[in-house]
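# Analysis of the macromolecular model
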Amino acid sequence: MTSPVPATTRTVDLPGGLTVTIEERGTSSGGRGFLLLHGGAGPQTMAGLASALTEHAYTVVPTHPGFQGTHRPEWFDSAADLAVAYLDLIDLLGLSEVMVIGSSFGGWVASEMALRDTRARIGSLTLLNAVGIHAVRKENAVADVRTLAPTEIAELSFAGPAFRPDFSSFSDEQRAQGAANQRTLAVYGGEEFSYDPKLRGRLHRVGVPVLVVWGEQDGIASTVYGRGYAKSFPNGHFVPVPAAGHFPHIEQLGLTLGAIGDFARTVVNAPAAA
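## Section: the overall build of the protein chain
What the protein chain contains, in helices and strands, is nine helices and eight strands. For the protein chain, whose C-alpha radius of gyration is 17 Å, the value lies close to the compact-globule estimate of 19 Å for 274 residues. Long-range pairs, those at least 24 residues apart, make up 76% of the contacts in the protein chain between residues at least 6 apart in sequence. Accessible surface, the protein chain as shown: approximately 12600 Å² in total, 52% of it carbon and sulfur. Here the protein chain contributes 20 positive and 26 negative side-chain charges, whose respective centroids are spaced 7 Å apart.

Dropping the structure here:
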């Protein structure tokens, strides 16, 4: 068994006076890599996936400014702001043909990045139970976690009880950090919180292939919503993951990696037709 590649953490200065904390695994020689974008539960939710993907290429996991006690400038307050910042980041890192992998809110940011990638740095997207688009039918709308207690969110998020956090064991500091992360998420989400009413109508302009991986037992965002997300892209591909909720890359890491690998082999890197 291959030993896990150790992660290193550093702070990167981006244009406009913004700083972003990133966690890196592997080396970026050759320019190819994975950019992993977390949702409201924080960057630690991407650690296992990043470690596994490092066997194939360099991985970088940024912490959205304002999460985990990092600084968020007052003017920096939307998914679009994050998208531009992360495009600046992959420019600075010298990456190309990047697969951007976004979980939940991170999938929204990934979609916004693809719409703004004027330098063609992004080679593909993978969205993991992503939010960001408006549901056509009210019954398929994303659950508003702002109205739920942490235990309720956990029950909706994970199919397996063993994966649900034991909040009774949390320290006061951990509780405060979780609450601060949710306040930051609310800023980025804006008035509608879990979506941009205009995003779905813009996704036809995304030219890169997109994989939408979906935990079938997600109580936050339904499979119907996920299939609609995939259909919004000209080259969208939908893969359901059984026995998983909002975090398929945590509950079913092997199946998620398999879906990404198949997508990379048969779609992203498929030989051109003769």
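## Focus on the nonpolar core
Leu35, Met113 and Leu125 are the most contacted members of the largest nonpolar core, which totals 55 residues. By residue number, the principal contributor to this core is helix 2 (residues 79-92), which donates eight residues. Counting 18 residues, the second-largest nonpolar core is a separate cluster that includes Val61, Met99, Leu211 and Ala244.

## Observations concerning unusual backbone geometry
In this model, Gln68 sits at a positive phi of 55°, which is unusual for a non-glycine residue. Tracing the backbone shows Gln68 in the loop between strand 4 (58-63) and helix 2. Taking relative accessible area as the criterion, Gln68 reaches 34% and is therefore assigned partly exposed. The backbone of Phe193 sits at a positive phi, close to 70°, despite the residue not being glycine. Looking at the element boundaries, Phe193 is found in the loop between helix 5 (172-189) and helix 6 (199-202). Given a relative accessible area of 8%, Phe193 falls into the buried group.

## Side note on the side chain of Asn181
Following the sequence through the fold, Asn181 ends up in helix 5. The class for Asn181 is buried, based on a relative accessible area of 4%. For Asn181, the side chain forms a polar contact with the side chain of Gln68, separated by 2.8 Å. In this structure Asn181 touches Gly40, Gly66, Phe67 and Gln68, once residues within four positions along its chain are discounted.

## As for the sheet that holds strand 4
The mixed open sheet is built from eight strands, whose spatial order is 1-2-4-3-5-6-7-8. The sheet terminates laterally at strand 1 (8-13) and strand 8 (236-241), the two strands that pair on one side only. Within this sheet the neighbouring strands show an average axis-to-axis angle of 25°, counted without direction. Against the sheet, helix 3 (residues 105-116) touches strand 3 (33-37), strand 5 (98-103) and strand 6 (122-128), its axis set at about 155° to strand 6. Packed onto the sheet, helix 7 (residues 223-231) meets strand 6, strand 7 (210-215) and strand 8 and runs at close to 160° relative to strand 8.

Each value, and the rule that gives it
Residues numbered from 1 in each chain as written. Predicted model: local features only at pLDDT ≥ 70, side-chain atom pairs only at ≥ 80, totals over all residues. Heavy atoms only, no water. Helix = DSSP H or I, 4+ residues; strand = E, 2+ residues; numbered from the N terminus. Rg over C-alpha atoms; globule rule 2.2 N^0.38 Å. Contact = heavy atoms within 4.5 Å. Areas by Shrake-Rupley, 256 points an atom, 1.4 Å probe, with all protein chains shown as cover. Lys, Arg positive; Asp, Glu negative; His and termini not counted. Charge placed at Lys NZ, Arg CZ, Asp CG, Glu CD. Core = buried A, V, L, I, M, F, W, Y, C linked by side-chain atoms within 4.5 Å. Buried < 20%, exposed > 50% of the residue type's maximum accessible area, 1.4 Å probe, protein only. Polar contact = N/O pair within 3.5 Å; in protein donor to acceptor, adjacent residues only side chain to side chain. Pairing = 2+ DSSP bridges. Axes fitted to C-alpha atoms, helices over the stretch in contact; angles between N-to-C directions.

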